[in-house]
Structures are given as C-alpha cells and as structure tokens.
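Coordinate inspection notes
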Amino acid sequence: MDFLTKLERKYGKLAIPNLTMMLIICFVVGYLLMIFKQDAIYYINLNPELIMKGQVWRLITWIFMPPGAVSVLVIITLLFYYHVGQTLEHVWGDFRYTLYIVSGVVFTDIGVVGTYLVMKLSGLDEYASMYASYSDVSTYYLCMSMFLAYAFMFPDMQVLMYFFIPIKVKWLGYLDIVYLLYAVLMYGVMGYYPGMVTVIASVLNFILFWFLTKGKNGVTKAHRKRKKTYKKEVRQTQILTRHKCAICGQTEEDNPALEFRYCSRCNGNYEYCQNHLFTHEHKK
C-alpha cells in the first residue's frame, strides 16, 4: 500500500469527490434511456468495432449502462450500491476510491478493445464483428467489484437478504466469487475466450486490490493484539461491585466474607470494610 500512498501524494488532486453519487446518477439516466429511449443505448454502449472507427466516447459512456434490468427492485439496488460506494469512499478516501473505480473502467475498456484487436489481427474478422455486436458490457461487473471490496473490508457486516434473512456480506462475496469462476469456466468450456477476458478484465481492479493487500484486510497482528488487550481491560473495568473499602480498596469480589458499612461521621459517602470501619480517620 506504500505505492498507493506515493500515488496519492503525487496525484491526489485528481481525485473525484462524490464519485458514488455520480455513478448512481449515471445508472438512473441509463434506466430512463431503457424506458423512454431504448435506441439511445446503441449509441453509448462499449462496441469495440465502432470505437476503432472513431466513436471513442463509448470508452466512457458505457458507464451509463446500469448493472441490471429495469424492475421494481431498481430503487433498492441503487440505494444499496450507494451505501457500498459511500462506505468505501469514506474508508479509503476520494483518491483511492477514484483509482479503484477508474481502474475498473480502464481495465474493462482494455479487455474488450484488446480482445477485438487480437481477433482482427488473427484474421478472425467475422468472429471479431460478432464479438463487437454482442459485447454489450454493462456496469454489472464494475458494481460487483465494488461489492467484493466492500465484503472484503467489512466481512462481518450484516444485510437482510430478501428483506428478512440476515446474512454476513462475506458469504455474499464468496457467492459472487463462485459465480465469477463459474462464468469464466463456462466460457472456457464453450470456447468463447473473449467472454473469459471480458469477465476477468472487469474485476481485475479487485484482483489487484487483493494482491496489493496481500490477502489481508489491513488488520495486522499488532492491531489484533492491541484490540484483544483493550477488550480485556474493558471487561475488567466493567466488573460491577456494590461495596469497596475507601482505605484498602477491597471489594466483595476480593473477599466475599468481608462486611462493609458506611461511616455516619465522615463527610461524604465513604464505605469501609470491617477491618477499617472503626480504625479509619474520619473525613471532614
């Protein structure tokens, strides 16, 4: 992570604040286009063949392709992704979150366009055209990479699956990883290698994030030791005692056989054990 720290010090001013809100707005616009102007989708999708013909705006405008189809759960889905993105934005900071999202977009662009070029250079013009026609990449995998990072950072966070089943996000993260592996495997079995490249490129930002953190969520042994010590100290201070001698400090936890009394001649609520009740100096 030192590498990211150096990048942030040098290019931190390029961070995009409120990037999650911008993504949600893009998704909303995409859903509106699907409902009212579906033909517009064909002018903004990630079509590598048209990109090579000069329509370079498609390298960015495909972000308007929402992560799922139009349904009654759209609002809930958008609110969930907003929560996930906002949490990562607050934990990582604007620069690292921007780097994570932008790298996901760039890797997807490179994967799709690079695959198309390889097929063209290999003389597979017909397959390249078919790939370009059916490579309607949405932000589904981009959002999945965002959620995987969230599940990795906060594995014990609970969400309500189907609105009433509490489940930790780490298990949902594992299911997403299984789904990704299954998708890559199925593309391989079918011999559709461009599909494999597209899926891997779309979540390559999370894969790099995993290796940069060395498979750890940032909690070192020293952190765990300090946390354990802190919890132990808290438990010790939370032991409730009803009686404590103002002289020797003993409580009923130290010696259950001790008797305690308040002194009526002391100015204040001072309690003493039976050994110091009559021998202490009265406080005035």
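Structure shown above.
Now for a look at the structure at hand.

1. As for the packing of aromatic side chains
Summed over all chains, the structure comprises 12 aromatic pairs. Each ring, one from Phe80 and one from Phe147, has its centre 5.8 Å from the other, and the planes form 45°; the classification is tilted. With Phe80 in helix α5 (residues 74–92) and Phe147 in helix α8 (residues 140–153), this residue pair connects regions lying 67 residues apart in the sequence. Using a relative accessible area of 6% as the deciding quantity, one classes Phe147 as buried. Here the aromatic rings of Trp171 and Tyr174 are separated by 5.5 Å at their centres, their planes lie at 70°, and the arrangement is edge-to-face.

2. Looking at a nonpolar patch on the surface
Side chains of Tyr140, Tyr179, Tyr182, Met186, Met190 and Tyr192 sit close together on the surface and give an oily, nonpolar patch of about 590 Å² of accessible area. With 4 residues, the top contributor of residues to the nonpolar patch is helix α9 (residues 169–190). By the element assignment, Tyr192 lies in the loop between α9 and α10 (193–202).

3. A word on the packing of α5 against helix α6 (residues 94–121)
When two helices pack together, their arrangement is given by the angle between the helix axes and by the axis-to-axis distance. At a minimum axis separation of 6 Å, α5 and α6 run at an interaxial angle of 130°. One finds that α5 runs oblique with respect to α6. Judged by residue contacts, Gly85, Leu88, Glu89 and Trp92 of α5 engage Asp94, Arg96, Tyr97 and Tyr100 from α6. For the contact of α5 with α6, the per-class residue count stands at 4 nonpolar, 1 polar and 3 charged.

4. Things to note about the nonpolar core
Residues Leu88, Trp92 and Tyr97 are the most contacted members of the largest nonpolar core, which totals 54 residues. Counting only elements with at least two residues in this core, the list comes to α2 (19–36), α5, α6, α7 (125–134), α8, α9, α10 and α11 (204–212). No other element matches the 12 residues that α8 contributes to this core. Filtering out sequence-adjacent residues up to four positions away, Leu88 remains in contact with Gly93, Tyr97, Met146, Ala149, Tyr150 and Met153. Cys245, Phe260, Cys273 and Leu277 belong to the second largest nonpolar core, which has 8 residues in total.

Cut-offs used in this document
Note that residues are indexed from 1 along each chain, following the sequence as it is written. Totals for whole chains, interfaces and linings use all residues, but because this is a predicted model, local features are given only for residues with pLDDT of at least 70 and pairs of side-chain atoms are given and counted only at 80 or more. Note that the side-chain values use all heavy atoms of the structure and ignore hydrogens as well as water. Note on aromatic contacts: the rings of Phe and Tyr and the six-membered ring of Trp form a pair at centre separations within 6.5 Å, being stacked when their planes are under 30 degrees apart, edge-to-face when over 60 apart, and tilted otherwise. Elements are defined by DSSP. Helices are runs of H or I of four residues or more, strands are runs of E of two residues or more, and each kind is numbered from the N terminus. A 1.4 Å probe rolled over the protein chains alone gives each residue an accessible area, and that area as a share of the maximum for its type sets the label: buried under 20%, exposed over 50%, partly exposed in between. Patches here are clusters of residues that have more than 30% relative accessible area and form no salt bridge, with a 9 Å joining cutoff for like charges and a 5 Å cutoff for nonpolar side chains (Val, Leu, Ile, Met, Phe, Trp, Tyr). Here the Shrake-Rupley method, with its probe set to 1.4 Å, supplies the accessible areas, and only the displayed protein chains count as covering residues. A carboxyl oxygen of Asp or Glu within 4 Å of a side-chain nitrogen of Lys or Arg is what we treat as a salt bridge. Axes, fitted as lines to C-alpha atoms, cover a helix only where it is in contact. Angles between the N-to-C directions of the axes lie from 0 to 180 degrees. Roughly parallel means an angle under 35 degrees; roughly antiparallel means over 145; roughly perpendicular covers 65 to 115; every other angle is labelled oblique. Throughout, a residue-residue contact means that at least one pair of heavy atoms, one from each residue, lies within 4.5 Å. Here the nonpolar group is Ala, Val, Leu, Ile, Met, Phe, Trp, Tyr, Cys and Pro; Asp, Glu, Lys and Arg are the charged ones; every other residue, Gly included, is treated as polar. Among the buried residues, those of types Ala, Val, Leu, Ile, Met, Phe, Trp, Tyr and Cys that are joined through side-chain atoms within 4.5 Å form a nonpolar core.

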